[in-house]
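# Structural description and commentary
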Amino acid sequence: MEAVKNVWIIRKTRRGWSSSFGTIFSDPRKRAGCVMNRINAYETANHETKSQAVKYAKGGGLMGTHRGEIRIEEAEA
């Protein structure tokens, strides 16, 4: 059984920050003992700062209609 959820994923990139909105599918694999996550992205945008990316996601994106959980993924140093 797959769990489906609308999410914003904000990632640190070499050029700044990237925000992507999409539907994430979590599919637990019983034999492997892990969870596979896939995302179908509907909207992406690039930002100079993390706060710009978060503000964009909270506002629902370009049209203001894409709402969902916000996940921030920062690279580990």
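These remarks concern the structure in this document. Since we're looking at a predicted model, the values are computed, not measured.

### As for the packing of aromatic side chains
- For the coordinates displayed, the defined rule picks out 3 aromatic pairs.
- For the ring pair W8 and Y56, a centre distance of 5.8 Å and an interplane angle of 85° mean the geometry is edge-to-face. Here Y56 lies in helix α1 (residues 50–58) and W8 lies in strand β1 (residues 3–13), a separation of 48 residues in the sequence.
- The exposure class of Y56 is partly exposed, given its relative accessible area of 22%.
- Each ring, one from F21 and one from Y42, has its centre 6.1 Å from the other, and the planes form 45°; the classification is tilted. Taken as a pair, F21 in strand β2 (residues 16–29) and Y42 in strand β3 (residues 34–47) lie far apart in primary sequence, 21 residues in all.

### Notes on the environment of Y56
- For Y56 and S19, which are 37 residues apart along the polypeptide, the C-alpha to C-alpha distance reads 8.2 Å.
- Setting aside anything within four residues of it in sequence, one finds Y56 in contact with W8, S19, E43, A45, H47, G61 and L62.
- Of note is the side chain of Y56, whose polar atom sits 2.5 Å from the side chain of E43.

### Observations regarding α1
- Those residues of α1 lying buried are A53, V54 and A57. One side of α1 carries all its buried residues, which in axial view fall inside an arc of 95°. What points out from α1, more than 90 degrees from its buried face, is the exposed set S51 and K55.
- Just downstream of α1, G60 is the residue with a positive phi angle, here 90°.

### Observations regarding the nonpolar core
- Counting residues in hydrophobic clusters, the biggest one holds 7 residues: W8, I10, W17, F21, A53, V54 and A57.
- Of all elements in the fold, only β1, β2 and α1 reach the threshold of two or more residues within this core.
- Broken down by element, this core gets its largest block of residues, 3 residues, from α1.

### Looking at the pattern of salt bridges
- Evaluation of the coordinates by the stated rule reveals 4 salt bridges.
- Two residues, R11 and E73, come together in a salt bridge whose shortest N-O distance is 2.9 Å. In this pair, R11 sits in strand β1 while E73 sits in strand β4 (residues 69–73), placing the two residues 62 residues apart along the sequence.
- Each of K5, E69 and R71 takes part in one network of salt bridges that share partners.

What counts and how
- Residues numbered from 1 in each chain as written.
- Predicted model: local features only at pLDDT ≥ 70, side-chain atom pairs only at ≥ 80, totals over all residues.
- Heavy atoms only, no water.
- Phe/Tyr/Trp six-rings, centres within 6.5 Å; stacked < 30°, edge-to-face > 60°.
- Helix = DSSP H or I, 4+ residues; strand = E, 2+ residues; numbered from the N terminus.
- Buried < 20%, exposed > 50% of the residue type's maximum accessible area, 1.4 Å probe, protein only.
- Contact = heavy atoms within 4.5 Å.
- Polar contact = N/O pair within 3.5 Å; in protein donor to acceptor, adjacent residues only side chain to side chain.
- Arc of directions from axis to C-beta.
- Core = buried A, V, L, I, M, F, W, Y, C linked by side-chain atoms within 4.5 Å.
- Salt bridge = Lys/Arg side-chain N within 4 Å of Asp/Glu carboxyl O.

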